[in-house]
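Okay, here's what each chain looks like letter by letter:
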Amino acid sequence: MEVMTTLRLSSLALRNLGTRKARTILTTLGVVLGVAVILAVAITNRSTIDAFRAMIDSITGKADFWVNGPSTAGFSEAKLAEVRRTPGVAVAIPGIARDSTLYAGKRRESVQVAGIDPRVDRKLRYFKLASGRFLKSDEPAALVPADLAGKKKFKLGDKVKLTGAGVKHEFKVIGLLRDEGAGRFMGGNAVFIPLKQAQSIFKLKGRLTYIDAKVKTGVSVKAAVGRVSRRLGESFIVEQPEKRAEAVSQMLKGLQVGLSFFGTIAMFVGGFLVYNTFTMVVVEQTQEMGMVRALGATRGQVVALVLIQAVVLGIIGSVLGVGAGVALAKVLMSYVSKTVELPVESISVPVLGLAGAVGVGLLVTLLAALQPALAAGRVSPLAAIRIRAKKSSKALAVLRVTVGCLGVTAGVAASFLPGPEGLGRYAYLSVSIHEGGTFLLLLGAALLSPSLAKPLGYIFAAPIRLLFGQTGKLAAANLTRNPGRTAATASAVMITLAMLMSVAGMTTSFKRSVDRWVDKSLGADVFVSGRSSDATYSKRFADKLRRVKGVKDLTMIRFVPVREGAREVLFRAIEPTSYRRFATLQFAKGDKRRAWLDLARGDHVFISTVMANKRGLKVGDKITLTTVKGRRNFTISAIAVDFGGEMGDMIVGSRKDMKKYFHLDDAGGFRLKVAAGVRPRTVADRIKKKYKSMDLDVQDIQEFKTMVDGRVTNSFAVFNVLIVLAAVVAMISVFNSLMMNILERRRELGILRAVGATRGQIGLMNLLEAFITGGIGGILGLAVGAVSARDTVNGMNTLTGYDISFIFPGKIAAIALLIALVFSVLAAAYPARRAATLEIGRALQYE
Amino acid sequence: MGLTPILKAVALSKTYGDGGVEVAALKEANIEVFEGEFIAIMGPSGSGKSTLLHLLGGLDYATGGRIFIRDIELTGLSDKRLTLVRRANVGFVFQFYNLLPTLTAEENVLVPMAIGGKPAPGWQDKLDGLFKLIELEGRRHHRPDQLSGGEQQRVAVARALITEPAIILADEPTGNLDRRHGREILELLKRSAAEMHQTIIMVTHDPGAAAYADRVIFLSDGAVVKELKLGGDDDIEAIITGLKELGD
Ligand SMILES: Nc1ncnc2c1ncn2[C@@H]1O[C@H](COP(=O)(O)OP(=O)(O)OP(=O)(O)O)[C@@H](O)[C@H]1O
Ligand SMILES: [Mg+2]
């Protein structure tokens, strides 16, 4: 007989889990979701970095280092020989890399065109042909990734067009690349053509944009890099691939911190569900526990009884969570791909993240179950006999309210703390402060919610009582009778709503700020640029545009990627006089009049708030840029709000300086003003039609705003996935606690039915309870969300250096409240049915 | 019957309620119970019978007076010590909700052993014997919700007997049972009291059930008002008379 051996305390615990299957599954689901989100975030972060690494590797192939020129206009081919002559260098290959657009019939795709020297390129890069052949030295032919060809419906031997210097050029597809090596270059979006062809279509005769090199075996890469660097002069950047990867991970930091933050909150929500369940387990099993105590179990044993249940759930949940995490990672990655504009496809599972997620899953489960377990230990043996021995500890309630108040105060205080500028060098601390603040706030609000449940409940209970009479009265009474449980459920709703509000607040604020920036700082009606980001146009073309009917004014913009130390930043060259007729740059710091004068005089720049915050730069400081004349100092004359540059690092300088220091005198884009009474749209269409062959991107102000908004939405899309998850957890929470309500009140419901309550009344009563609970959670969520949204915006300001002012997302708040109510009632549907269809006899008979 | 009491309560008081209305359920009750005795406690509803039983078994704390199990004083013990004393010495049978819903009848009977950690030798024979006694051999693997109230009660009695505790406290154990099964339970209790020198204290309203006892203690308004030694032919009559005097 194995009864005795299996009948240990632990097996009693397991039995409890096994018998209450539905609840066990739901609780486990909470752990699963929490672990899954944390792991998914870890995987996504790592995979994104790896994707960038892989891209960089595919660019450089087997190269040990690469050489870049001082400007995008490239550098003389003669430098290749110099690199080759440098001692220690084994191989050096030339190349041109340019953004372009590929046309295959009517289909179009943004691609990067790589001009390679077919004779030597394979020494450092690996080409694997799916079909066709490799390039010959100088022919209008292209190698295209097979996947790209498939996507755009063209095949080997077809003719495609590539834009270069604003003009379309025809190339024959002579080889399709497998998805490896060069086929992965730029995430499989690169087209390879002979170097000579590239020089011709991009107007770079005798020039290169990069050199890849490999050192001889036994030679230190660092030493070789140093020698090449000295030989070419300081205006050239000679760099090892790892440096690039570092820069990339810096760039991704904002995204990662954001994701991790939401991952943590998801775990918090998961933990909350576990806490919720175990609190209910204790309520539900009070009689049992009293019985076990009466039979001689110590407090410790009863605590263990609960904790064992938690451990088992924690382990099962964590293991399943790993599986779910990988699946979820795939979803997140597809969204991140949009945000970072690079396909993130292959999954890399970081060991640390895996261990962390599982560990956190277990830990949170245990911690969440701890308080209920201790409460179980305090169950009196008499609980076995009494109907209900409800004895809430006053000291504990005081502690709860105290800690809750402290949490909320700290959370609110943190959201008012100075932004990054106020913290100077410690700006990065600001993120932790705001994140920590949100966390404390959530925790505090959750702790306070039992005390708030009653008064808030009245708001919703009053109309319910009026509308539904006796049933409504009963529902309202049930809630206020057990504020702890109501609060636990409401808190789950609250957290979800707070998350939603954070993201909504971030998106809304960001969009509003961008809109304002577009209106104020751009001041243009029509925007003209090339479809490929480095298309450039002559001054003569500017004159032509100026003469287009309806155009009143025009200013030229040119972005020049330049080196500032090891970083690449964008130098935005403007023509001060005409530019000022367009835009009122929003100056954060600096005397406006003097700033413009200095800029026009030269050797002065404006920098973006982003850059200033990130790097602690002030007006009057100097920054050093690598120019064709070597390193030059530029004085910062103003700090301006800007949303244009990649991650917001932006330097504004004059065209005069561009000509002087980068030997460039063309334009990358134009901003136009239209004459009074003329619709921007009309002018935009006119230009589009007139210069159809030039592959221009012409947008009127409305299109431009829509595009920017779309980008912002895209960037935040990944967070929406997390919100959906949180909502699922919250729904489970509501479901769970209502289910628990019914189990606990079986006898009561039985009596109600016995004395004549109809099924409909019982069902409705439960739905109404859910409605009020959802309402309480909703209001709390809006209050907390208003603060946490501020925190999130402030945190993002710090991370990105943007200067976004917080805007309360009112419309979304209203919708969110509605969703909270609807979801709560939806989650209650099944429990309400169960309550309504209870067998009266059985309900009265046992338990 | 031993000379020293196995269970003794001295001026035992219990007052319920804090702040609001106070209820004095027990008022300086004195009781002595000797080893092997079968005691019945009777009294009107609300007279403090259950309260007394809970205090004697260490389920609740007294607000005055002292309780001894042999020479161990229960009053003032930490919860942990109290639990261990209870585990080693006391078995309970309650009137309602005796069993753990997730366990089978058999497992329910075995719970006290499982909690104690080490099963007594020969427990399997004992288990078989008990199930034969309670006539539920065919229902050993059924869960409580598959058993009737009376059947659950019989399982609870078996559970109280499995560890052979020195003291068994039973609060209206036959309240749910029909006459025949009630008598069997009482026989069972009486026999084990005799054979294993177990001491039984049973609360009951039924004079017929009380007649199985060696002694009846009458409670009224929280105090012991009368004791009745049984053993004669007109026990039942005497008990009924005793109750009448209390105005029950
Ligand atoms: N937890 C409690 N709080 C307040 N008063 C209580 C509590 N438990 C019992 N009482 C009161 O103490 C008195 C004694 O109760 P007790 O349960 O001991 O009576 P009893 O003799 O067992 O009655 P019955 O025969 O009806 O079971 C009663 O007046 C009862 O109302
Ligand atoms: Mg009683």
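What counts, and where the lines are drawn
- Residues numbered from 1 in each chain as written.
- Chains lettered and ligands numbered in written order.
- Predicted model: local features only at pLDDT ≥ 70, side-chain atom pairs only at ≥ 80, totals over all residues.
- Heavy atoms only, no water.
- Helix = DSSP H or I, 4+ residues; strand = E, 2+ residues; numbered from the N terminus.
- Contact = heavy atoms within 4.5 Å.
- Areas by Shrake-Rupley, 256 points an atom, 1.4 Å probe, with all protein chains shown as cover.
- Buried < 20%, exposed > 50% of the residue type's maximum accessible area, 1.4 Å probe, protein only.
- Arc of directions from axis to C-beta.
- 1 Å grid on protein atoms, 1.4 Å probe; cavity = no way out; pocket = protein on both sides within 12 Å on 5 of 7 lines; lining within 4 Å.
- Points joined across faces, edges and corners; volume = space filled by probe spheres on them.
- Nonpolar A, V, L, I, M, F, W, Y, C, P; charged D, E, K, R; others polar.
- Patch = residues over 30% accessible without salt bridge, like charges linked within 9 Å, V, L, I, M, F, W, Y side chains within 5 Å.
- Salt bridge = Lys/Arg side-chain N within 4 Å of Asp/Glu carboxyl O.
- Near = heavy atom within 4 Å.
- Polar contact = N/O pair within 3.5 Å; in protein donor to acceptor, adjacent residues only side chain to side chain.
- Phe/Tyr/Trp six-rings, centres within 6.5 Å; stacked < 30°, edge-to-face > 60°.
- Pairing = 2+ DSSP bridges.
- Axes fitted to C-alpha atoms, helices over the stretch in contact; angles between N-to-C directions.

> I'd like to hear about the overall build of chain A, residue by residue, with values.
When helices and strands are counted, chain A shows 28 helices and 22 strands. The contacts in chain A between residues at least 6 apart in sequence include a share of 82% that link residues at least 24 apart. When the accessible area of chain A is evaluated, it comes to approximately 34,500 Å², of which 59% is carbon and sulfur surface.

> Talk me through helix H4 (residues 78-85) of chain A; I want residue IDs and the actual numbers.
Residue and element names in this part refer to chain A. Taken together, the buried positions of H4 are Leu80, Glu82 and Val83. Angular distribution of buried residues about the axis of H4 spans 160 degrees; they occupy a single face of the element. Looking at the buried residues of H4, the elements they touch are strand E1 (65-68), strand E3 (89-104), strand E10 (207-208), strand E11 (210-215) and helix H8 (221-232).

> Describe in detail empty space enclosed by the protein, supporting the description with residues and values.
Space left empty within the atom packing is revealed by a probe, the size of a water molecule, rolled over the atoms. In the structure shown here, the tally under the stated rule is nine cavities of 30 Å³ or more. Estimates place the volume of the largest cavity at around 90 Å³. What lines the largest cavity is A:Leu295, B:Arg87, B:Val90, B:Gly91, B:Phe92, B:Pro112, B:Arg159, B:Ala160 and B:Thr163. Elements supplying a minimum of two residues to the lining of the largest cavity: strand E6 (90-93) and helix H5 (149-162) of chain B. Ranked by residues supplied to the lining of the largest cavity, first place goes to E6(B) with three residues. The residue makeup of the lining of the largest cavity, split by class, is five nonpolar, two polar and two charged. Roughly 70 Å³ of volume is contained in the second largest cavity. Among the secondary structure elements, those contributing two or more residues to the lining of the second largest cavity are helix H15 (429-481) and helix H25 (759-800) of chain A. If one sorts the elements of the lining of the second largest cavity by residue count, H15(A) sits on top with nine residues. Class assignment of the residues belonging to the lining of the second largest cavity gives a composition of seven nonpolar, three polar and two charged.

> Now, about a nonpolar patch on the surface: what can you tell me, with residues and values included?
Together, A:Ile815, A:Leu818, A:Ile819, A:Val822, A:Phe823 and A:Leu826 give the surface a local cluster of nonpolar side chains, amounting to about 530 Å² of exposed area. Within the secondary structure, A:Leu818 sits in helix H26 (residues 810-827).

> I'd love a proper account of the site of ligand 1, names of residues and values included.
In the vicinity of ligand 1, 14 residues are found, and the nearest of them are B:Ser45, B:Gly46, B:Lys49, B:Ser50 and B:Thr51. Ligand 1 is flanked by residues contributed from chains A and B. Contact between ligand 1 and B:Ser47: an oxygen atom at 3.2 Å from a main-chain N or O atom of the residue. Measuring from an oxygen atom of ligand 1, one finds a side-chain N or O atom of B:Thr51 at 2.4 Å. A total of 640 Å² of accessible area belongs to ligand 1 in isolation, and the protein chains cover 65% of it.

> Describe the side chain of A:Asp598, with residues and values.
Residues and elements named next belong to chain A. Relative to the helices and strands, Asp598 resides in helix H19 (residues 592-601). What makes Asp598 buried here is its relative accessible area of 7%. Of the polar contacts made by the side chain of Asp598, one reaches the side chain of Arg601; its length is 3.0 Å.

> A description of the environment of A:Ala832 should follow, citing residues and the corresponding values.
Residues and elements named next belong to chain A. The residue Ala832 is located in helix H27 (residues 829-836) in this model. Here Ala832 falls in the buried class, since its relative accessible area comes to 5%. The sequence separation of Ala832 and Asn766 amounts to 66 residues, and the corresponding C-alpha distance is 5.3 Å. Apart from the residues lying within four places of it in its own chain, the contact partners of Ala832 are Ile742, Gly763, Asn766 and Leu767.

> Kindly report on the packing of aromatic side chains, identifying the contributing residues and their values.
Residues and elements named next belong to chain A. As enumerated under the stated definition, the model contains 12 aromatic pairs over all chains in all. Aromatic pair Phe527 and Phe704: ring centres 4.0 Å apart, planes at 10 degrees, arrangement stacked. Taken as a pair, Phe527 in strand E13 (residues 526-530) and Phe704 in helix H23 (residues 701-744) lie far apart in primary sequence, 177 residues in all. You'll find Phe527 and Phe704 in the same group, each marked buried. Their ring planes at 50 degrees and their centres at 6.1 Å tell us that Tyr537 and Phe670 sit as a pair that is tilted. Remark: Phe670 occurs in strand E21 (residues 669-674) and Tyr537 occurs in the loop between E13 and helix H17 (539-546); sequence separation between them is 133 residues.

> Can you explain the sheet that holds strand E2 (residues 23-34) of chain B? Please cite residues and give values.
Residue and element names in this part refer to chain B. With antiparallel pairing, four strands are arranged side by side in an open sheet as E2-E1-E4-E5. The strands lining the two open edges of the sheet, one partner per strand, are E2 and strand E5 (72-73). For strand E4 (residues 64-69) and E5, the ladder comprises two bridges, and the chain directions are antiparallel. Bridge pairing links Ile69 to Ile72 in E5. Helix H1 (residues 49-56) contacts strand E1 (5-16), E2 and E4 of the sheet and is inclined by roughly 125 degrees relative to E1.

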